[in-house]
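# Architecture at a glance
So you can see what is in the structure, the chains are spelled out below.
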Amino acid sequence: MSLIRLTDITRHYDMGAETVHALRGVSLSIDRGEYVALMGPSGSGKSTMMNMLGCLDTPSSGRYELNGTDVSEMDDNELAEVRNREIGFIFQSFNLLPRATALRNVELPMVYAGVPADERHERAMAALTQVGLAERVGHKPNELSGGQRQRVAVARALVNKPSILLADEPTGNLDSKTGKEILALFNELSAKGNTIIVVTHEEAVARHARRMVRILDGLIASDEVLVKD
Amino acid sequence: MRLIAELFEGLWIALDAIRANKLRSALTTLGIVVGIVTVSLMAAAIDGLNQAFIKSISAIGADVVFIEKFPWFNEEPWWKVRNRNDITQAHARALAKQSQHAEAVAAVTFSRRAVRYGDAIATSVTIVGTTEQGAIVDGLNLTEGRFLAAAEVEGARPVCVLGADVAANFFPYESPLGKRVRISDSTFEVVGVLTRRGTFLAMESLDNQVFIPITRFNQVVSWRPNVTIRVKVKDMKKIPEAREEFRGIMRKLRNVAPGDADDFAINEQQAFINMFHRVGGVIAAVGLFITGLSLFVGGIGIMNIMFVSVAERTKEIGLRKALGAKPRAILLQFLLEAALICLLGGLIGLGLAWGAAAGAASVLPMRISPMVVGLALGVSLVTGVIAGFLPAWRAAKMDPVEALRVE
Ligand SMILES: Nc1ncnc2c1ncn2[C@@H]1O[C@H](COP(=O)(O)OP(=O)(O)OP(=O)(O)O)[C@@H](O)[C@H]1O
Ligand SMILES: [Mg+2]
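Residues numbered from 1 in each chain as written. Chains lettered and ligands numbered in written order. Predicted model: local features only at pLDDT ≥ 70, side-chain atom pairs only at ≥ 80, totals over all residues. Heavy atoms only, no water.

Right, let's talk about the confidence of the model for chain B for a bit. Mean pLDDT for chain B: 87, with 97% of residues reaching 70 or above. Scoring the predicted complex yields pTM 0.72 and, for the interface, ipTM 0.94. (pLDDT = per-residue confidence, 0-100.)

What follows deals with the sheet that holds strand 6 (residues 87-90) of chain A. Residues and elements named next belong to chain A. Pairing is mixed in the open sheet, where six strands are placed in the order 6-7-8-3-9-10. Two strands lie at the open edges of the sheet, namely strand 6 and strand 10 (219-225), each paired on one side alone. Strand-to-strand twist in this sheet, taken as the mean axis angle between neighbours without regard to direction, amounts to 20°. The pairing of strand 3 (residues 35-39) with strand 8 (residues 195-200) spans five bridges and is classified as parallel. Looking across to strand 8, one finds that L38 is bridged to V199. Against the sheet, helix 2 (residues 76-86) touches strand 6 and strand 7 (164-168), its axis set at about 80° to strand 6. (Pairing = 2+ DSSP bridges. Helix = DSSP H or I, 4+ residues; strand = E, 2+ residues; numbered from the N terminus. Axes fitted to C-alpha atoms, helices over the stretch in contact; angles between N-to-C directions. Contact = heavy atoms within 4.5 Å.)

The next point concerns the nonpolar core. A:I4 and A:Y64 are the most contacted members of the largest nonpolar core, which has 72 residues in total. Per element, the largest residue contribution to this core is 11 residues, and it comes from helix 13 (residues 327-360) of chain B. (Core = buried A, V, L, I, M, F, W, Y, C linked by side-chain atoms within 4.5 Å. Buried < 20%, exposed > 50% of the residue type's maximum accessible area, 1.4 Å probe, protein only.)

Ligand 1 sits among 14 residues. The nearest are A:S42, A:K46, A:S47, A:T48 and B:R405. The residues that come close to ligand 1 belong to more than one chain, namely chains A and B. Between ligand 1 and the protein, one listed contact pairs a nitrogen atom with a side-chain N or O atom of B:R405 at 2.6 Å. Alone, ligand 1 offers 630 Å² of accessible surface; in the complex the protein occludes 70% of this. Counting residues per element, the shell around ligand 1 draws most heavily on helix 1 (residues 46-53) of chain A, at three residues. (Near = heavy atom within 4 Å. Polar contact = N/O pair within 3.5 Å; in protein donor to acceptor, adjacent residues only side chain to side chain. Areas by Shrake-Rupley, 256 points an atom, 1.4 Å probe, with all protein chains shown as cover.)

Domain parsing of chain B yields domain 1 (2-56 + 274-405) and domain 2 (85-263). Inter-centroid distance (C-alpha atoms) of domain 1 of chain B to domain 2 of chain B is 54 Å. (Domains from an automatic or database assignment.)

It is worth spelling out a negative patch on the surface at this point. Negative charge collects at one region of the surface, where A:D75, A:D76, A:E78 and B:D399 lie side by side. Locating A:E78 in the fold gives a position in helix 2. (Patch = residues over 30% accessible without salt bridge, like charges linked within 9 Å, V, L, I, M, F, W, Y side chains within 5 Å. Salt bridge = Lys/Arg side-chain N within 4 Å of Asp/Glu carboxyl O. Lys, Arg positive; Asp, Glu negative; His and termini not counted. Charge placed at Lys NZ, Arg CZ, Asp CG, Glu CD.)

For the rest of this paragraph, the subject is the sheet that holds strand 4 (residues 61-66) of chain A. All names here are of chain A. With respect to topology, four strands assemble into an open sheet ordered 2-1-4-5, the strand pairing being antiparallel. Of all the strands in the sheet, just strand 2 (18-30) and strand 5 (69-70) have a single pairing partner and so form its edges. Bridge count between strand 4 and strand 5: two bridges; the pairing is antiparallel. Within strand 5, the position partnered with E65 by the bridge is D70. Along the sheet, helix 1 makes contact with strand 1 (4-15), strand 2 and strand 4, crossing strand 1 at roughly 120°.

Attention shifts here to the environment of A:A134. Residue and element names in this part refer to chain A. With respect to the helices, strands and loops of the structure, A134 is situated in the loop between helix 4 (117-130) and helix 5 (146-158). The exposure class assigned to A134 is partly exposed, which follows from its relative accessible area of 34%. Separated by 10 residues in the primary sequence, A134 and A124 have C-alpha atoms spaced 9.9 Å apart. Residues within four places of A134 in sequence aside, it is in contact with L128 and T129.

Moving on, we come to the side chain of A:R11. All names here are of chain A. Its location among the elements puts R11 in strand 1. Residue class for R11 comes out buried when judged on its relative accessible area of 16%. One polar contact links R11 to D57, side chain to side chain, over a distance of 2.8 Å.

Attention now moves to the pattern of salt bridges. Applying the stated criterion across every chain yields a total of 35 salt bridges over all chains. Linking A:E86 and A:R85 is a salt bridge whose minimum nitrogen-to-oxygen distance equals 3.5 Å. Taking the relative accessible area as the measure of exposure, A:R85 reaches 45% and is therefore partly exposed. The salt bridge partner of B:D263 is B:R254, with a shortest N-O separation of 2.9 Å.

Among the 12 residues that make up helix 3 (residues 102-113) of chain A, 10 are buried, leaving the element largely enclosed by the rest of the structure. Lining the buried residues of helix 3 of chain A we find helix 2, helix 4 and helix 5 of chain A together with helix 1 (2-20), helix 12 (314-322) and helix 13 of chain B. Where helix 3 of chain A terminates, the next one or two residues include A:G114, which has phi positive at roughly 75°.

Further remarks concern helix 4 of chain A. Spanning 14 residues, helix 4 of chain A covers 20 Å between terminal C-alpha atoms, matching the ideal 20 Å at 1.5 Å per step. Of the positions making up helix 4 of chain A, those classed as buried are A:R120, A:A124, A:A127 and A:L128. Looking straight down helix 4 of chain A, one finds its buried side chains confined to an arc of 95°; they lie on one side. Facing away from the buried side of helix 4 of chain A, by more than 90 degrees, are the exposed residues A:D118 and A:E122. Contact partners of the buried residues in helix 4 of chain A: helix 3 and helix 5 of chain A together with helix 1 of chain B. (Expected span 1.5 Å × (residues − 1). Arc of directions from axis to C-beta.)

What follows covers the packing of helix 5 (residues 89-98) of chain B against helix 10 (residues 239-253) of chain B. All names here are of chain B. Where helix 5 meets helix 10, the axes come as close as 10 Å, and the angle between the chain directions of the two elements is 135°. When the axis of helix 5 is compared with that of helix 10, the two are oblique. When you trace helix 5 past helix 10, the crossing you get is right-handed. Contacts between helix 5 and helix 10 involve H91, A94, L95 and Q98 on the former and, on the latter, F246, I249, M250 and L253. Tallied by class, residues from the contact of helix 5 with helix 10 come to six nonpolar, two polar and no charged. (Parallel < 35°, antiparallel > 145°, perpendicular 65-115°, else oblique. Left-handed = near helix turned anticlockwise from the far one by under 90°. Nonpolar A, V, L, I, M, F, W, Y, C, P; charged D, E, K, R; others polar.)

Moving on, we come to a nonpolar patch on the surface. A cluster of nonpolar residues, B:V282, B:V286, B:F289, B:I290, B:L293, B:F296, B:V297 and B:I300, forms a patch on the protein surface that exposes about 790 Å² of accessible area. Take B:V286: it is sitting in helix 11 (residues 269-312).

Turning next to the packing of aromatic side chains. One pass over the structure, following the stated rule, counts seven aromatic pairs over all chains. Measuring from centroid to centroid gives 5.7 Å for A:F89 and A:F91, while their planes differ by 10°, and the two rings are stacked. Side by side, A:F89 and A:F91 carry an identical accessibility label, which is buried. These aromatic residues form a ring-pair network of at least three members: B:Y117, B:F170 and B:F171. The positively charged end of A:R104 is found above the aromatic ring belonging to B:W12, 3.4 Å away from the centroid. Over the ring of B:F188 we find B:R216; its NZ or CZ atom is 6.0 Å from the centre of that ring. (Phe/Tyr/Trp six-rings, centres within 6.5 Å; stacked < 30°, edge-to-face > 60°. Lys NZ or Arg CZ within 6 Å of the ring centre and 35° of its normal.)

This part covers the side chain of A:N105. Inspection of the secondary structure assignment puts A:N105 in helix 3. Discounting chain neighbours no more than four positions away, the residues touching A:N105 are A:L96, A:L97, A:A100, A:P141, A:V152 and A:R156.

On to the interface of chain A and chain B. Of the residues lining the interface, 26 residues belong to chain A; the matching set on chain B comes to 26 residues. Overall, the association of chain A and chain B removes approximately 2,400 Å² of surface from exposure, summing both partners, and the carbon and sulfur fraction of that is 59%. The tally of links from chain A across to chain B stands at three salt bridges. We note a salt bridge from A:E81 to B:K326, for which the minimum N-O separation is 2.7 Å. Between the two partners, chain A and chain B, sit six residue pairs in polar contact (both at pLDDT 80 or more). (Buried area = accessible area lost by both parts, 1.4 Å probe.)

Given below as structure tokens:
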């Protein structure tokens, strides 16, 4: 059974007179443990797709099965629950709470999962250690470099042991060297068995994945397995 | 479990938000502060008055009526009652003889005079002229000696009973019994000392008094003064009947023609209570109006600032939702922030009110009781929750995708 199964997903925005079709009928299956890149030019519908996959948004039509359950008809509370348990988000602009330490930022998803405080602390420490930030747990985001901030975000995405890591342009705000470090971290996580979906418009970033899905005008243009040398 | 975690998170965020915007929070809460100051001062004043009043009113006694020239709380025009004849000691004696309802009757009058003992002098002591039954009608108790005797009143003897303060002033180390004090160049032998009675309505000390036979009062202080006839009735339940009886007797004694209005008044504790409730009601009405108004204005301010706070943190709301915060958790977060700001205002308000109450203590008896504290904090909490609800609801219902897109 696939981890993710999209069947004929559409998403359109009604903008008064005209309707914007961001997704026009996407069908896609992703298995547990895959490392997939969603590629496409600006405005092609990558972020819309990503919001759909991350249960932040629901499709206008079509069916989305995650782990065998249909999430396309869920209400706000159920979706929040699914996001909390199944999805780990990594954003282009990190989205850390500026006034909270790295540790508190990483603890946040567990707060909404109702994890007891001491266990929260323990697991956040472990996640930060995993991304190589054991020394920086007490620092606030503005005391960290861009690469370090994104590592905190990765630790936060990992800490609830989600089914999927979803990254939207994770290297977009980083220079090429730190970008590569983050991608190396992704490779490492993938090797450990995490399912990763990266949205990007950069071929070089997409090349790190093991499967590349190209999106064009809200449709899947190609879907290929990348051969590693 | 999860709710508790969310609650603590909400509390942390709220405190953090307030810390981040100290000045803004303080200014926002000003309306609440004013509201809480008025509500707690009002409650404190009513409470304090109540306390003082209950203590004072018990000195009057619920089963005692006062037959006097004028009513306590006059509703008639002054010129109508001004020319009434005095109430005399003869009236009191006649009433005592004729009444079925009276248990004890005393004719009482008083005047302020200096009292001397040796070289010591106490100016402005209340000299009370009364009869042997005065102790019964006024509920007086003695620490030492005895009260005035019937024979002493009959014979206008120069004896006196000292109030607790007077006794303590003149005789700090010895018993006053048998000592001689002087009032208006006349000498009185002390036969008794009263137990401490406190003050009347927090103003008039009831211990700075000296009781002498009213017959002696006639000779030494003033000749045939106007008196109050104090009557203790036998059965409290029959006060209305007793009043009617006294009224009939007094009308006959004073030759009031049938059809004419009484030329005297029968006062009782109830009149005081009524008056007091009227005063308390006015304070409460004014206080509630000011409180309501400032809380309303304060609440609007809080609502406004909470809308700003929600708008400022749109992206954070989106992030929290992406991480799995349910609408409920977001609602809670902002409600807590609003409630905390208001609670802060409540605490500041209470502090100011406490200071004001302490400062005004000499003029007006006020008391910030635990009840007042609870009331003030409860009111500010409720204001915060009501004012914060709409902004918090907006935040809770926000679309996470839209929220995350905001820069
Ligand atoms: N909330 C919205 N309202 C209206 N139109 C929208 C909305 N969100 C997205 N769109 C439209 O849907 C289409 C796809 O947008 P999307 O953000 O998915 O593109 P993208 O592939 O992520 O582009 P980029 O690489 O620039 O981030 C675009 O034409 C966009 O204008
Ligand atoms: Mg995008």
